[in-house]
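What the coordinates show
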Amino acid sequence: MDEYYDAIAGLPPWLAEPLRKLPPEKAAAVHEIRLRQGCPIWFTVRGEPIAAAAYCPQVPALARLTVVPERMEEVLFTLCGGSVHSFEDELSGGYFTLSGGHRVGVGGQYVRGPDGNTVLQRVESLNLRIARILTCEVPVFLRLLLREHFTGLLLAGEPDSGKTTLLRSLIPLLGEANRTVAVIDERGELLPAQAAAQTAYARCDRVAGLDKASALQMALRTLGPQVILLDELGTLAETELLEQGFFSGVDFIATLHAASLAEAEQKPQVRFLLAHRMLHSVCLLAGRKTPGCVKEGRDYC
């Protein structure tokens, strides 16, 4: 059964039941379910937003469904298993992660608490992103690169261009090349627990549930990786930690939000990597209509 049905299982029944009536062939194409107060349900399908009424008019109950403001809190409470407090660390970053790796982005009113922490005051929208264990075809030049010492490789692209899918697809190839791999999986999306148990990923170590900086330090100190994989190289601080691995001969592969190679090169993370001669290549993905496909690349070696 498609992961769509797993993702909606934690929703309150009045919302889950109409969503469950989506035919399997339609459900399999849904990447995100967007809930906004006072608005109809919207889906993201193959990178494009579409209203539920237009996507599946044969399910009238779903087409008519509107999430009234007073029920947004109920949806959040139910998704959190009745304990919003247990997700407060993640919520301070504007999201939380469900079992199975499904991620829920949270929009609304936030306030800064007296201790400096960010606190969600009122939820106004939720974006349920469905985690599927997808892979894609890896270009020949990347397959060859993985077999040598390449220092650093970035997979750049716009949102929903398949960066995580391509990154995940590299893990079995690194195993085939007899390279020891550590996967830094902060939100449990790159390699969810059910995927980590599969044979294709058996030859890697996973550090999940920690911020990238802590996970990177842990992996470098205790797991002895030859290659480190991480999704969304977000901050300069995270990038600077990769320098520890660089001096130990550890290669890394990471994803990066960028719409072009020129845009990628302007980011401080990339400037740092180039200045320290830690970057071999950047691969730019084609876009959300062809997820996982490499459009062009640039070598810096």
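Quick summary incoming for the structure in this document. On a predicted model such as this, the values are computed, not experimentally measured, just so you know. (Residues numbered from 1 in each chain as written. Predicted model: local features only at pLDDT ≥ 70, side-chain atom pairs only at ≥ 80, totals over all residues. Heavy atoms only, no water.)

1. Description of helix 2 (residues 13-20)
Three or more residues of helix 2 are buried, namely Trp-14, Leu-15, Ala-16, Pro-18 and Leu-19. Against the buried residues of helix 2 lie helix 1 (3-7), strand 1 (30-36), strand 3 (42-45), helix 5 (60-64), strand 5 (66-67) and helix 6 (69-79). (Buried < 20%, exposed > 50% of the residue type's maximum accessible area, 1.4 Å probe, protein only. Helix = DSSP H or I, 4+ residues; strand = E, 2+ residues; numbered from the N terminus. Contact = heavy atoms within 4.5 Å.)

2. Looking at the packing of helix 11 (residues 212-222) against helix 12 (residues 236-246)
Their axes nearest at 9 Å, the elements helix 11 and helix 12 cross at an angle of 5 degrees. In terms of their interaxial angle, helix 11 and helix 12 are classed as roughly parallel. Residues Lys-212, Ala-213, Leu-216, Gln-217 and Leu-220 of helix 11 pack against Glu-238, Leu-241, Leu-242, Gln-244 and Gly-245 of helix 12. Broken down by class, the residue content of the contact of helix 11 with helix 12 amounts to 5 nonpolar, 3 polar and 2 charged. (Axes fitted to C-alpha atoms, helices over the stretch in contact; angles between N-to-C directions. Parallel < 35°, antiparallel > 145°, perpendicular 65-115°, else oblique. Nonpolar A, V, L, I, M, F, W, Y, C, P; charged D, E, K, R; others polar.)

3. Some details on the side chain of Thr-44
Here Thr-44 is to be found in strand 3. A residue is classified by how much of its surface remains accessible, and Thr-44, at 5% relative accessible area, is buried. Sequence-distant contacts of Thr-44, that is, excluding residues within four places in its chain, are made with Ala-29, Val-30, His-31, Glu-32, Arg-34, Pro-49 and Asp-160.

4. Some remarks on the pairing of strand 13 (residues 251-257)
Burial of strand 13 is extensive: 6 of the 7 residues sit out of reach of the surface. Where strand 9 (residues 152-157) lies against strand 13, 6 bridges are found, and the strand directions are parallel. Counterpart to Leu-154 in the pairing with strand 13 is Ala-254. Sheet topology note: the strand 12 (residues 227-230)/strand 13 ladder contains 4 bridges and is parallel. Bridge pairing in strand 13 links Leu-230 to Ala-254. For the crossover that starts at strand 12, traverses helix 12 and ends in the parallel strand 13, the hand is right-handed. (Pairing = 2+ DSSP bridges. Right-handed = clockwise from strand over helix to strand, strands pointing away.)

From the geometry alone we can't say anything about function, so treat these as descriptive.
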